[in-house]
Amino acid sequence: MPELIAKSALEGRTETLGPVTLAEVEVGPITSVALFPGGGKLAAKGLKALGLAMPGPNTFTGKKGARIVWTGRDQAFLIGVEPPALEGAALTDQTDGWTVLGLSGAGAVDVLARLVPLDLRLASCPVGTALRSQLNHMNAVILRTGDHAFEIMVFRSMARSAWHEIHAAMDMLAARAGTKF
Amino acid sequence: MRLTCPLCGERDRREFYYYGAEDYLRRPGEGAPLADWDDYLHLRDNPAGVTKDLWYHEAGCAQWLLVTRNTVTHEISGVELVAGRKE
């Protein structure tokens, strides 16, 4: 079989505007882990091999390279590693379905405040929070990865729209700061 | 209007989709008389006061929610998951 070349949706685009940087992030494999009814214990055994456990609502755990993100009732995304043989849950490859955008810098929270109907300030959204919500009208999973850093997962088909919306918000904030960067 | 999703927490109205009265949770069984189906499909109360209806958290955890609210005061007194609900 010929060697196929994987291409990301935005070809690794990066842009910095003032203090905020927007960049496409390469996160590796994404696998949906959806528990079968009563399958929690079996799945926990398989995840333990990776040093992970099913995360509680609105959280993610693990470090870069092997993270597990809550995405719904009895459902999580395993990111960064090939999934282990897992019983008690349905595994679905989602790698090509999502684009991950990293937003970092001191004004990142102000940028998202214009797009997301949630309080993303550190006090109510500490590092390790994973929220399913909307980025304007796009469904998104928003991860708080650092004091001034977010990762935003959107459907791959929405990648350029998401980039455009976030970039527009960054542009407005940069203009408001009084200086055109 | 804000709903407190049992999983996601307090969220804005725009994340939810309204389905209808909670009557949809009581589907008539097989062989039920036509009158029961008529009731299930068409007959709804229109209370001035407490009512229960179904909402879908489409931009969040994708769960169906049973919301208890007051049509007069707009107070929302309860939100529970339809999944795992005990009759």
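Quick caveat, the model's predicted, so the values are computed rather than measured.

(A) Here's a closer look at the interface of chain A and chain B. Contacts between chain A and chain B engage twelve residues on the former and 13 residues on the latter. For the pair chain A and chain B, the summed buried area comes to about 1100 Å², and 49% of that belongs to carbon and sulfur atoms. Per-residue buried area on chain A facing chain B is highest for Arg73, Pro117 and Arg132 of chain A; these three make up 50% of the total on that side. On inspection of chain A and its partner chain B, the count reaches zero salt bridges. At the boundary of chain A and chain B, one finds eight residue pairs in polar contact (both at pLDDT 80 or more).

(B) Spotlight on the sheet that holds strand β2 (residues 20-25) of chain A. Residue and element names in this part refer to chain A. Reading across from one edge, β1-β2-β8-β11-β10-β9 is the order of the six strands in this open sheet, with antiparallel pairing throughout. This sheet does not close on itself; its edge strands, each paired only once, are β1 (14-17) and β9 (130-135). Ignoring strand direction, the axes of neighbouring strands in this sheet form an average angle of 25 degrees. Contacts from helix α3 (residues 159-176) reach β1, β2, β8 (98-104), β9, β10 (138-146) and β11 (149-155) within the one sheet, and its direction differs from that of β1 by about 15 degrees.

(C) Seen up close, unusual backbone geometry. Residue and element names in this part refer to chain A. Phi at Asn58 is positive, roughly 65 degrees, even though this residue is not glycine. By the secondary structure assignment, Asn58 is in the loop between α1 (40-48) and β4 (60-63). Residue Asp74 is not a glycine yet carries a positive backbone phi of 55 degrees. Structurally, Asp74 can be placed in the loop between β5 (66-72) and β6 (75-79). Looking at Asp74, the relative accessible area reads 42%, which means it is partly exposed.

(D) Examining the confidence of the model for chain B more closely. Scored by pLDDT, chain B comes out at a mean of 93, with 99% of its residues at no less than 70. Here the complex is predicted with pTM 0.90, and the ipTM for its interfaces comes to 0.86.

(E) Structural context of the side chain of Asn70 of chain B. Residue and element names in this part refer to chain B. Mapped onto the elements of the fold, Asn70 is located in strand β5 (residues 64-70). By relative accessible area, Asn70 is classed as buried at 15%. Within the structure, Asn70 has its side chain in polar contact with the backbone nitrogen of Thr73 (distance 3.2 Å). Sequence-distant contacts of Asn70, defined by excluding residues within four places in its chain, comprise Gly49, Val50 and Glu75.

(F) Focus on a nonpolar patch on the surface. The grouping of Tyr17, Tyr19 and Trp64 of chain B at the surface amounts to a nonpolar patch, some 320 Å² of accessible area in total. Topologically, Trp64 of chain B is positioned in strand β5.

(G) Fine view of the pairing of β10 of chain A. Residue and element names in this part refer to chain A. Along β10, seven of the nine residues are buried, which leaves the element largely enclosed by surrounding structure. As paired strands, β9 and β10 are joined by six bridges and run antiparallel to one another. Looking across to β10, one finds that Leu135 is bridged to Met138. Counting the residues that bridge the hairpin from β9 to β10 gives two residues, and of these Asn136 lies at a positive phi of roughly 50 degrees. As paired elements, β10 and β11 share six bridges and run antiparallel to each other. By the bridge assignment for β11, Gly146 is matched with Ala149.

(H) Structural view of the sheet that holds strand β4 (residues 50-56) of chain B. Residue and element names in this part refer to chain B. Across the sheet, four strands lie side by side as β3-β4-β5-β6; this open sheet has antiparallel pairing. Pairing within the sheet leaves two strands with one partner each, and these edge strands are β3 (17-21) and β6 (76-81). Sheet twist, expressed as the average angle between the axes of neighbouring strands with direction ignored, equals 30 degrees. Inspection of the sheet shows β3 paired to β4 by four bridges, in the antiparallel sense. Looking across to β4, one finds that Gly20 is bridged to Leu54.

Thresholds applied
Residues numbered from 1 in each chain as written. Chains lettered and ligands numbered in written order. Predicted model: local features only at pLDDT ≥ 70, side-chain atom pairs only at ≥ 80, totals over all residues. Heavy atoms only, no water. Contact = heavy atoms within 4.5 Å. Buried area = accessible area lost by both parts, 1.4 Å probe. Salt bridge = Lys/Arg side-chain N within 4 Å of Asp/Glu carboxyl O. Polar contact = N/O pair within 3.5 Å; in protein donor to acceptor, adjacent residues only side chain to side chain. Pairing = 2+ DSSP bridges. Helix = DSSP H or I, 4+ residues; strand = E, 2+ residues; numbered from the N terminus. Axes fitted to C-alpha atoms, helices over the stretch in contact; angles between N-to-C directions. Buried < 20%, exposed > 50% of the residue type's maximum accessible area, 1.4 Å probe, protein only. pLDDT = per-residue confidence, 0-100. Patch = residues over 30% accessible without salt bridge, like charges linked within 9 Å, V, L, I, M, F, W, Y side chains within 5 Å. Areas by Shrake-Rupley, 256 points an atom, 1.4 Å probe, with all protein chains shown as cover.

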